[in-house]
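# Structural characterization, general
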Amino acid sequence: MGRRIAVIGAGAAGMTAAIWAARAGAQVTVYERNDRVGKKLLSTGNGRCNFSNERMSAACYRGSGAALVDAVYAGFDVRRTKEFFEELGMRIKDRDGYLYPASGQAATVLDVLRYEMKRLAVDVHTCAQVTAVQVKRPRFSVEAGEDGRETYDAVILACGGRAAPGTGSDGQGFRLAKMLGHHIVPTVPALVALRCREDFFRRVAGVRCEAKLTLYIDGRAVCADTGELQWTDYGISGIPVFQLSREAAYALRDKRSVTVEIDLLPDLGDAAAERRFWEQRWERQEGQTAEQFVTGLVNKKLGLLLLKLAGIRESERAADVPASGRRKLEKLCRCLTVTVQGTNPFEQAQVCAGGVDCAEVTETLESRIVPQLYFAGEILDIDGICGGYNLQWAWSSGAAAGRAAAGA
Ligand SMILES: Cc1cc2nc3c(=O)[nH]c(=O)nc-3n(C[C@H](O)[C@H](O)[C@H](O)COP(=O)(O)OP(=O)(O)OC[C@H]3O[C@@H](n4cnc5c(N)ncnc54)[C@H](O)[C@@H]3O)c2cc1C
């Protein structure tokens, strides 16, 4: 008979771990506190599940686990992930390197994983919240409410982090890991919107525009991203904001000053090209009002806000705007600074940065503290950028932990 393995948490990582452990001949039991498996998967990629990305590298990951990416992906990379899902019957759609199920439904990803667990006779317990894992060398005792206590040869903790706790991952895994002697790197919400101090956000809420964003911490530029910026009534959101959010969240946690510079005309070219652009525009539109001057330059609501911030009346003739006002407006277009006061909470975050310190796990994701205890997915201190990277980590780490726990 195969080794008895308990997988705690039936998210993307836990289900993958269960499948690979069972394929390697183990007898696998999965514990899931929700009444069904894979709840979070259904909301990924706006219901379409961006499950991976062709442009993959360790540089797309942060946290102590980033150092493990190359070793873990050597065993189960993007190509192997595509094969895995194709073998399960899922056709794949490649949108400029971003990978989705061709059905357009995140539910497909969940369904094929569920079917495979069933085919492999994985014993899935739902409404089964694990409250304690104890080491009874050489085995483990797992306690799960009404399901009582069971013993296993190996345990895989795949409880997720704290992001989107409504889907089941509310930090309980960290408590279990701590009980087993592990350290937790402080957690913050990541891939999340930023809340800002300025009082003008209500005027531009709902606007979406292309922009380049640069994050400054204590006045030093830390990282930048370009993409579709979404203005909300409390601050900024959208993918380029998400990409900067984990650095902002840790800086705010450390009580450092955090600002974002927004370039609303990122494609204007070098300084000489920019100068020519402005000179031509002021010259061509000198007979028009300031309102007309900003029309077509940027989104209308943003244009009117910029005029206000530059101290220019909408009805003022462009020709009458003094050089100082012109330079101010031009600068605001390229460098509108907003002050970040906070992030949205874990409830609205896509991932949780921080988690089980990866210095305490091996390249097969086995604990260095408790032999035969493994980790997979977001419970570890690793978080990827937006674009399929977090799910790829769930698949790759799940496969690694599942195989290793089964002794494959
Ligand atoms: C809205 C949203 C959209 C996203 N979109 C994408 C995307 O398009 N692409 C991408 O790559 N990533 C995306 N992500 C991130 C990605 O979904 C996660 O990184 C990934 O699902 C984490 O998988 P996991 O298995 O580690 O954890 P989870 O999916 O959080 O699963 C953990 C499971 O463990 C269970 N559990 C916890 N504690 C216990 C316990 N004590 N006993 C029993 N069960 C327990 C939970 O109920 C849960 O089902 C998105 C996240 C969100 C919230």
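Cut-offs used in this document
- Residues numbered from 1 in each chain as written.
- Predicted model: local features only at pLDDT ≥ 70, side-chain atom pairs only at ≥ 80, totals over all residues.
- Helix = DSSP H or I, 4+ residues; strand = E, 2+ residues; numbered from the N terminus.
- Buried ≥ 20, exposed ≤ 12 C-beta atoms within 10 Å, placed from the backbone.
- Contact = placed C-beta atoms within 7 Å.
- Axes fitted to C-alpha atoms, helices over the stretch in contact; angles between N-to-C directions.
- Parallel < 35°, antiparallel > 145°, perpendicular 65-115°, else oblique.
- Left-handed = near helix turned anticlockwise from the far one by under 90°.
- Nonpolar A, V, L, I, M, F, W, Y, C, P; charged D, E, K, R; others polar.
- Near = placed C-beta within 6 Å.
- Core = buried A, V, L, I, M, F, W, Y, C linked by C-beta atoms within 7 Å.
- Domains from an automatic or database assignment.
- Pairing = 2+ DSSP bridges.
- Right-handed = clockwise from strand over helix to strand, strands pointing away.
- Expected span 1.5 Å × (residues − 1).

### Overview of the overall build of the protein chain
Along the backbone of the protein chain there are 13 helices and 21 strands. Here the C-alpha coordinates of the protein chain stretch approximately 85 × 45 × 35 Å along the principal axes. Put simply, the protein chain has 408 residues, and 45% of those count as buried. Taking the intrachain contacts of the protein chain between residues at least 6 apart in sequence as the baseline, contacts between residues at least 24 apart amount to 72%.

### Let's talk about the packing of helix α11 (residues 300-310) against helix α12 (residues 323-334)
Orientation of α11 relative to α12, taken along the N-to-C sense of each, is 130 degrees, at an axis distance of 9 Å. The angle between α11 and α12 falls in the class oblique. Judged by the twist between their axes, the crossing of α11 over α12 is right-handed. Across the interface between the two elements, Leu306, Leu307, Leu309 and Ala310 from α11 touch Gly325, Lys328, Leu329, Leu332 and Cys333 from α12. When grouped by side-chain class, the residues that make up the contact of α11 with α12 number seven nonpolar, one polar and one charged.

### Some points on the site of the ligand
With respect to spatial proximity, 39 residues lie near the ligand, and among them Gly9, Gly11, Gly160, Gly168 and Gly377 are the closest. Elements represented by at least two residues in the shell around the ligand include exactly α1 (12-23), α2 (39-43), α6 (172-179) and α13 (389-405). Looking at the shell around the ligand element by element, the count peaks at four residues for α13. Across the shell around the ligand, the residue classes tally to 15 nonpolar, 19 polar and five charged.

### What to know about the nonpolar core
Counting residues in each nonpolar core, the largest one holds 124 residues, and the members touching the most others are Ile5, Ala18, Val155 and Ile156. Counting residues per element, this core draws most heavily on α13, which supplies ten residues. Discounting residues that sit within four places of it in the chain, Ile5 has contacts with Ala21, Ala26, Val28, Tyr152, Asp153, Ala154, Ile156, Ala405 and Ala406.

### What about the domain arrangement of the protein chain?
Per the domain assignment, the segments of the protein chain are domain 1 (4-187 + 354-405) and domain 2 (193-343). One C-alpha centre belongs to domain 1, the other to domain 2, and the line joining them spans 40 Å. Residue-level contacts link five residues of domain 1 with five residues of domain 2.

### With respect to the sheet that holds strand β6 (residues 98-101)
The antiparallel open sheet is built from three strands, whose spatial order is β3-β6-β5. Edge positions in the sheet fall to β3 (52-53) and β5 (92-95), since each of these pairs with one other strand and no more. Looking at chain direction, β5 and β6 are connected through four bridges and run antiparallel. Bridging across to β6, Arg95 finds its partner in Tyr98.

### Comments concerning the environment of Phe76
Relative to the helices and strands, Phe76 is located in the loop between α3 (69-75) and α4 (78-87). Remark: the alpha-carbon pair of Phe76 and Gly402, spanning 326 residues in sequence, is separated by 12 Å.

### Points about the pairing of strand β1 (residues 4-8)
In terms of residue burial, β1 counts as a mostly covered element, since four of its five residues are buried. A crossover connection joins β1 to the parallel strand β2 (residues 27-31) through α1; in handedness this β-α-β unit is right-handed. As paired strands, β1 and strand β11 (residues 154-157) are joined by four bridges and run parallel to one another. Looking at β11, one finds that Ala6 is bridged to Val155.

### Examining α1
With twelve residues, α1 extends 17 Å between its outermost C-alpha atoms, agreeing within 8% with the 16 Å of an ideal straight helix rising 1.5 Å per residue. Most of α1 sits out of view: eleven of its twelve residues are buried. Residues of α1 that are buried include every one of Ala12, Ala13, Gly14, Met15, Thr16, Ala17, Ala18, Ile19, Trp20, Ala21 and Ala22, and no others. Looking at the buried residues of α1, the elements they touch are β1, β2, α2, α5 (106-119), β11 and α13. Once α1 ends, the next one or two residues include Gly25, with phi positive near 100 degrees.

### A short note on the sheet that holds strand β7 (residues 123-125)
Judged by pairing direction, the sheet is parallel, and its five strands sit side by side in the order β7-β2-β1-β11-β20 without closing on themselves. If you trace the sheet from one side to the other, it starts and ends with β7 and β20 (373-375), each paired once. Direction aside, the axes of adjacent strands within the sheet are offset by 20 degrees on average. Here β2 pairs with β7 via three bridges, running parallel. Counterpart to Val30 in the pairing with β7 is Val124. Helix-sheet contacts for α1 involve β1, β2 and β11, and the interaxial angle to β2 is about 170 degrees.

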